[in-house]
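Below are the chains, spelled out letter by letter.
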Amino acid sequence: MLVRLIDSLLRQDYPVDRYEIIVVHNFTNDGTEAALRALVDQGGLPALSYHRKAFPSPTPSRQFGAETGRGEIIAFIDDDCEATHGWLRAGVSAMTAGIGIVQGRTLPQPDQARHLFEKTVTVTAPTPYFETCNIFYRREAFFGVGGFSLEFLDRFWGEDTDLGWKVVQSGWARAFASDALVYHEVFRQNLLAWHREALNLRVWPFLVRLRPAIRQELYCGYFVSRQSATFALAVVGIAGAALVHPMLLLAALPYPWVRTIESGRYRNPFAIAARIVVGLPRAALIFGALAYSSIRHRCLVL
């Protein structure tokens, strides 16, 4: 995947002497280093550099890459992505006066099969997450807030959201460039991995404690999404039905309704129903992880 990404970056519709490609590799003994060093040895423009590291998470890798770069604009992209031909040009063009962040559009790889349980990224409009798989920062804005926060040096999720909000809160405007398009790999997941990934959401109370302004993006100010809000309501309803009165079980009805109307790409009613049923343990994991993290960080997000 990394070689595919580099190939897409080498073929950008952008002057080759005006951008550089910096690869920061948390070392894996899988042939990545040899493949990248071979590309570096080919020489030519744009400039391509490879850096082998042993950082504990993506955060210091991205920080190192930003510090190594020389350009006025820092563009982040991940190894499981492929940039379209005009990605750089579109992102840079959107970086007008006063803009500190430009988010690009990210879609699943169009030639890859979709799966009932999968991991990919879709960004079709500005988000409060500031996903680093496709984002541009003005160098002045990035280093004006110190780059990525030290609190995320050993974390695997949330550092990009924290950084984006730091830049916005420091006074820089943001923009969205739909033509800055990136395609993201579609990974098939087994049921266990699909459930385990949900635990990443436990970072939300910590994020909101650090950047209280994020709360304005939460559903009703306290919920990660409408689905998480209705699941919390269902938990209260089920507990109330058991302890107070059976009629309180009606509070559980909004959850399957919301899951149905927010079914995304799924249209088959049997697939929707299957995901609701199979997803109940996942929703319970999310609720439990958020509840625990809310208590730990003394910041309520469910």
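The present account deals with the structure reproduced in this document. On a predicted model such as this, the values are computed, not experimentally measured, just so you know.

Focus: the overall build of the protein
Counting its regular elements, the protein contains 12 helices and nine strands. C-alpha extents for the protein along the principal axes are approximately 75 × 40 × 35 Å. Evaluated residue by residue, the protein yields a buried proportion of 46% over its 302 residues. In the protein, 77% of the contacts between residues at least 6 apart in sequence involve partners at least 24 apart. Counting only carbon and sulfur atoms, one obtains 58% of the accessible surface of the protein, whose full area is about 15,400 Å². Side chains of the protein give 31 positive and 27 negative charges; the mean places of these two sets differ by 7 Å.

A look at the packing of aromatic side chains
Summed over all chains, the structure comprises 16 aromatic pairs. With 6.1 Å between their ring centres and 40° between their planes, phenylalanine 76 and phenylalanine 142 make a pair best called tilted. In this pair, phenylalanine 76 sits in strand E3 (residues 73-77) while phenylalanine 142 sits in helix H5 (residues 139-144), placing the two residues 66 residues apart along the sequence. Taking the relative accessible area as the measure of exposure, phenylalanine 142 reaches 0% and is therefore buried. Here the aromatic cluster, defined as three or more aromatic residues joined through ring pairs, consists of Phe76, Tyr137, Phe142, Phe143 and Phe148. Residue placement shows arginine 52 over the ring face of phenylalanine 27; its charged tip is 3.6 Å from the ring centre.

Quick word on the environment of phenylalanine 130
By the secondary structure assignment, phenylalanine 130 is in the loop between strand E6 (118-119) and strand E7 (134-138). For phenylalanine 130, a relative accessible area of 0% puts it in the buried group. Setting aside chain neighbours within four positions, we find phenylalanine 130 in contact with Ile101, Gln103, Ile135, Tyr137, Asp160, Thr161, Gly164, Trp165, Val168 and Arg174.

So, the side chain of glutamine 63
As for its position among the elements, glutamine 63 is in helix H3 (residues 58-68). Using a relative accessible area of 13% as the deciding quantity, one classes glutamine 63 as buried. Once you skip the residues sitting within four places of it in the chain, glutamine 63 turns out to touch Phe142, Phe143, Gly146, Gly147 and Phe148.

Overview of the pairing of strand E2 (residues 47-53)
Note that strand E1 (residues 20-26) and E2 share seven bridges and pair parallel. Bridging from a neighbouring strand, isoleucine 21 pairs with leucine 48 of E2. On the question of chirality, the crossover connecting E1 to the parallel E2 by way of helix H2 (residues 32-41) is right-handed.

Looking at the nonpolar core
The biggest cluster of nonpolar side chains holds 30 residues, and the ones touching the most others in it are Phe76, Tyr137, Phe142, Val167 and Trp204. Elements with a minimum of two residues in this core: E3, E7, H5, helix H6 (159-169), helix H8 (204-210) and helix H12 (280-297). Tallying contributions element by element places H8 first for this core, with four residues. Leaving out residues up to four positions away in the same chain, phenylalanine 76 has contacts with Arg62, Ala66, Trp87, Thr132, Cys133, Asn134, Ile135, Tyr137, Phe142 and Phe148. Membership of the second largest hydrophobic core comes to 29 residues, among which are Ile6, Ala94, Val121 and Ala177.

A word on the packing of helix H1 (residues 2-10) against H2
Axis separation between H1 and H2 bottoms out at 10 Å; the angle between their running directions is 20°. Taken together, the axis directions place H1 and H2 in an arrangement best described as roughly parallel. The chirality of how H1 crosses H2 is right-handed. Where H1 abuts H2, its residues Leu2, Val3 and Ile6 lie against Thr32, Ala35, Leu36 and Leu39.

Some remarks on the environment of phenylalanine 27
Position of phenylalanine 27 relative to the elements: it lies in the loop between E1 and H2. It is 9.3 Å that separates the C-alpha atoms of phenylalanine 27 and histidine 51, two residues lying 24 residues apart in sequence.

Things to note about the sheet that holds strand E4 (residues 81-83)
Read from one edge to the other, the open sheet built from five strands follows the order E3-E7-E5-E8-E4, with strand pairing classed as mixed. Each of the sheet's edge strands pairs with one partner strand only, and the pair in question is E3 and E4. In this sheet, neighbouring strand axes are inclined to one another by 30° on average, regardless of whether the strands run parallel or antiparallel. Along the sheet, H1 contacts E3 and E4; its crossing angle with E4, the most-contacted strand, is approximately 15°. Where H6 meets the sheet, its contacts fall on strand E5 (99-108), E7 and strand E8 (173-184), and the angle it forms with E7 comes to roughly 35°.

Quick word on the pattern of salt bridges
This model, assessed by the stated rule, comprises 11 salt bridges. Between arginine 11 and aspartate 7 there is a salt bridge; the shortest N-O distance is 3.0 Å. When its relative accessible area of 43% is taken as the criterion, arginine 11 is described as partly exposed. Arginine 114 is paired through a salt bridge with glutamate 118; the nearest N and O atoms lie 2.5 Å apart. Looking at arginine 114, the relative accessible area reads 36%, which means it is partly exposed. When salt bridges that share partners are traced, they join Glu33, Arg37 and Arg52 into one network.

Definitions and cut-offs
- Residues numbered from 1 in each chain as written.
- Predicted model: local features only at pLDDT ≥ 70, side-chain atom pairs only at ≥ 80, totals over all residues.
- Heavy atoms only, no water.
- Helix = DSSP H or I, 4+ residues; strand = E, 2+ residues; numbered from the N terminus.
- Buried < 20%, exposed > 50% of the residue type's maximum accessible area, 1.4 Å probe, protein only.
- Contact = heavy atoms within 4.5 Å.
- Areas by Shrake-Rupley, 256 points an atom, 1.4 Å probe, with all protein chains shown as cover.
- Lys, Arg positive; Asp, Glu negative; His and termini not counted.
- Charge placed at Lys NZ, Arg CZ, Asp CG, Glu CD.
- Phe/Tyr/Trp six-rings, centres within 6.5 Å; stacked < 30°, edge-to-face > 60°.
- Lys NZ or Arg CZ within 6 Å of the ring centre and 35° of its normal.
- Pairing = 2+ DSSP bridges.
- Right-handed = clockwise from strand over helix to strand, strands pointing away.
- Core = buried A, V, L, I, M, F, W, Y, C linked by side-chain atoms within 4.5 Å.
- Axes fitted to C-alpha atoms, helices over the stretch in contact; angles between N-to-C directions.
- Parallel < 35°, antiparallel > 145°, perpendicular 65-115°, else oblique.
- Left-handed = near helix turned anticlockwise from the far one by under 90°.
- Salt bridge = Lys/Arg side-chain N within 4 Å of Asp/Glu carboxyl O.

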